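Chain and residue survey
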Amino acid sequence: REPLELLAVDGGMSRNALMMQMQADAIGVPVVRAANPESTSMGATLMAGLAVGVWEDTEALAAAVRAGGAGTQWAPEWEQEKRDRQFGAWKGAVQKSFTQEG
């Protein structure tokens, strides 16, 4: 199993910069959002365009995507000790939620 080196994100929550920084801190790897955060719908649109001849081939399609520009990247800011401490606190809170009377 290869270690995770980068987390690519898209969709609605990826627009929240604080959430993306929290993800990077929690997992200890950079989080990258594409220039177009709605990449899933964009991908479907691009594939449809490829199918009907808007782009000659996948090389031309890739060039069009690259022309869209770079996205945003968040680098982890926490040291491993803090990450371990926060993860331990999170696991404790989850465990406690299972024993709460409702």
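Relevant structure appears above.
Calculation notes
Residues numbered from 1 in each chain as written. Predicted model: local features only at pLDDT ≥ 70, side-chain atom pairs only at ≥ 80, totals over all residues. Heavy atoms only, no water. Phe/Tyr/Trp six-rings, centres within 6.5 Å; stacked < 30°, edge-to-face > 60°. Helix = DSSP H or I, 4+ residues; strand = E, 2+ residues; numbered from the N terminus. Buried < 20%, exposed > 50% of the residue type's maximum accessible area, 1.4 Å probe, protein only. Expected span 1.5 Å × (residues − 1).

Topic: the packing of aromatic side chains
On inspection of all chains with the given rule, the structure shows one aromatic pair. With centroids separated by 5.6 Å and ring planes inclined at 20°, the aromatic side chains of Phe 87 and Trp 90 adopt a geometry described as stacked. Pair noted here: Phe 87 and Trp 90 are both in helix α4 (residues 80-99), with a separation of three residues, about one helical turn. Overall, Phe 87 belongs to the partly exposed group, its relative accessible area being 46%.

Some points on helix α2 (residues 39-51)
Here α2 contains 13 residues, and its C-alpha end-to-end distance of 18 Å stays within 8% of the 18 Å for a straight helix at 1.5 Å per residue. Gly 53, located one to two residues past α2, shows a positive phi value of around 90°.

It is worth stressing that arrangement in space is one thing and function is another; only the former is reported here.
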